[in-house]
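Each chain, letter by letter, is given below.
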Amino acid sequence: MKIKIDGLECEANYGEYILEVAKRNGIHIPTLCHTDALPGQGSCRLCIVEVIEGGKNKVVVSCLYPVTNEIEVLTNSDKIRRMRKNIIRLLAARAPESEHIRKLKEEYKVPEEKRFNVDKGEKCILCGLCVRACEAVGVYAISSVNRGITKKISPPFEEPPEDCIGCGACAQVCPTGAIALKEFEGKRVIWDKTFELVKCSVCGNYFTTREQYEFLKQKYGLEAEEFLCDKCRKKSTAQKLVF
């Protein structure tokens, strides 16, 4: 079916989310907690848009709103910009140290906060994407704890998580850079836990933690004598197919 986004006629599949249609047609809608690997989080609300359907206007979250009729979508109307500005203002009060949030704050001309308490030193917006990533890996090393103003993302008892395999998936999906991951001298540190990195048997580059490698071997039933990075494994597989 055809829908209009900012005046541009776009083809959409029934049930497809507005954000997906917009991205496919090169129309930018700002997001924070959306990633193609883990879609449908919808907690930051930054991707709100205005939908005109059956002569009525409504504001929806574009990453969660499915297209079921021929609709018109406005991604950057005055109303949406005002609402988005307020969302960014609240996010900036929550996570003032995030570089990404600072850039959004500048883009939407959000003034310095005087009304709300600013959580100094914080980068996390509590979107929960890191927890979903950890669960998707199958580890469950971190979770959302507490409620209200004390809510946060944390390992059990705020100690280095015993179950963590150091894969770094949580840090990779974090939209605000709130999860620190450091690598130095063949070691990786995340959630205050230190992992030894292993080298690829072929190219010699560090590529994963031993815990992650063993976890994946067990999960997928791999039987490998060598430690191979993705690049060298693909190369090795291709050579076996050729010869």
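Just so it is clear, the structure is predicted and the values come from calculations on it, not from any experiment. (Residues numbered from 1 in each chain as written. Predicted model: local features only at pLDDT ≥ 70, side-chain atom pairs only at ≥ 80, totals over all residues. Heavy atoms only, no water.)

**Brief notes about the packing of helix H2 (residues 78-94) against helix H3 (residues 99-107)**
Test applied: What counts as an axis is a line fitted to C-alpha atoms, over the stretch in contact for a helix, and the angles between N-to-C directions run from 0 to 180 degrees. Counting from the N terminus, the helices are DSSP H or I runs at least four residues long and the strands are E runs at least two residues long. Whether a crossing is left-handed or right-handed is set by the direction in which the near helix is turned from the far one by less than a right angle, anticlockwise for left-handed and clockwise for right-handed. We call two residues in contact when some of their heavy atoms are within 4.5 Å. Think of it as three bins: nonpolar holds Ala, Val, Leu, Ile, Met, Phe, Trp, Tyr, Cys and Pro, charged holds Asp, Glu, Lys and Arg, and polar takes everything else, Gly as well.
Contact pair H2 / H3: the axes reach a minimum separation of 10 Å and the direction vectors enclose 145 degrees. For the crossing formed where H2 meets H3, the hand is left-handed. On H3, the residues touching Arg81, Ile88, Leu91 and Ala92 of H2 are Ile101, Leu104, Lys105 and Glu107. A per-class count over the contact of H2 with H3 returns five nonpolar, no polar and three charged.

**What about the environment of histidine 100?**
Quick reminder of the rule: Each residue's exposure class comes from its accessible area (1.4 Å probe, protein chains only) as a fraction of the maximum for that residue type: buried when under 20%, exposed when over 50%, partly exposed otherwise.
Relative to the helices and strands, histidine 100 resides in helix H3. Classification of histidine 100 as partly exposed rests on a relative accessible area of 34%. Distance from histidine 100 to leucine 8, taken between C-alpha atoms, is 29 Å for residues 92 residues apart in sequence. Setting aside residues no more than four positions away along its own chain, histidine 100 makes contact with Thr31, Leu32 and Pro175.

**Comments concerning empty space enclosed by the protein**
Rule in force here: Grid points spaced at 1 Å and placed over the protein atoms alone form the basis of the search, with a cavity being a set where a 1.4 Å probe fits but cannot get out and a pocket an open set showing protein on both sides within 12 Å along at least five of seven lines. Lining residues have an atom within 4 Å of a point. Grid points are joined across faces, edges and corners, and a volume is the space filled by probe spheres set on the points.
Overall, the coordinates contain two cavities of 30 Å³ or more when judged by the stated rule. Each pocket or cavity is described by its volume, and for the largest cavity that value is around 110 Å³. Around the largest cavity, the lining comprises 15 residues; the ones closest to its centre are Cys134, Cys164, Cys167, Gly168 and Cys170. At the level of elements, helix H4 (129-137) and helix H5 (169-173) are the ones that each hand at least two residues to the lining of the largest cavity. Here the lining of the largest cavity gets three residues from one element, more than from any other, and that element is H4. Residues that form the lining of the largest cavity fall into these classes: 13 nonpolar, two polar and no charged. Roughly 30 Å³ of volume is contained in the second largest cavity. Together, Tyr17, Leu19, Glu20, His34, Pro39, Gly40 and Cys63 line the second largest cavity.

**Focus on the domain arrangement of the chain**
One frequently used descriptor of interface size is the decrease in accessible area upon assembly of the parts. We count it as follows: Per the annotation, domain bounds derive from an automatic or database assignment of domains. Note: buried area is the sum, over both parts, of the accessible area (probe 1.4 Å) each one loses when the two are combined. A carboxyl oxygen of Asp or Glu within 4 Å of a side-chain nitrogen of Lys or Arg is what we treat as a salt bridge.
Considered domain by domain, the chain is made up of domain 1 (1-125) and domain 2 (129-241). Relative placement of domain 1 and domain 2: their C-alpha centres are 30 Å apart. Of the roughly 990 Å² buried between domain 1 and domain 2, counting both surfaces, carbon and sulfur atoms make up 61%. It is Leu38, Gln41 and Lys123 in domain 1 that bury the most area against domain 2; as a group they hold 47% of the surface buried on that side. Inspection of the domain 1/domain 2 interface yields zero salt bridges. Residues that form the side of domain 1 that touches domain 2 fall into these classes: seven nonpolar, five polar and two charged.

**Details of the sheet that holds strand E5 (residues 72-74)**
Which entries qualify depends on this criterion: Paired strands, in this sense, are two strands between which DSSP finds at least two bridges.
Taking strand neighbours across the sheet as the criterion, the five strands line up as E2-E1-E5-E3-E4 in an open arrangement whose pairing is mixed. Bordering the open sheet on either side are strand E2 (8-11) and strand E4 (56-61), each of which pairs with just one other strand. Recorded for the sheet is a direction-independent mean angle of 30 degrees between the axes of neighbouring strands. Note: strand E1 (residues 2-5) against E5, two bridges, orientation parallel. Paired with lysine 4 across the strands is glutamate 72, a residue of E5.

**Quick look at the pattern of salt bridges**
Evaluation of the coordinates by the stated rule reveals 13 salt bridges. A salt bridge links arginine 188 to glutamate 183; the nearest nitrogen and oxygen atoms lie 2.7 Å apart. Relative accessible area serves as the criterion here: at 8%, arginine 188 is assigned to the buried category. We classify glutamate 183 as partly exposed; its relative accessible area is 46%.

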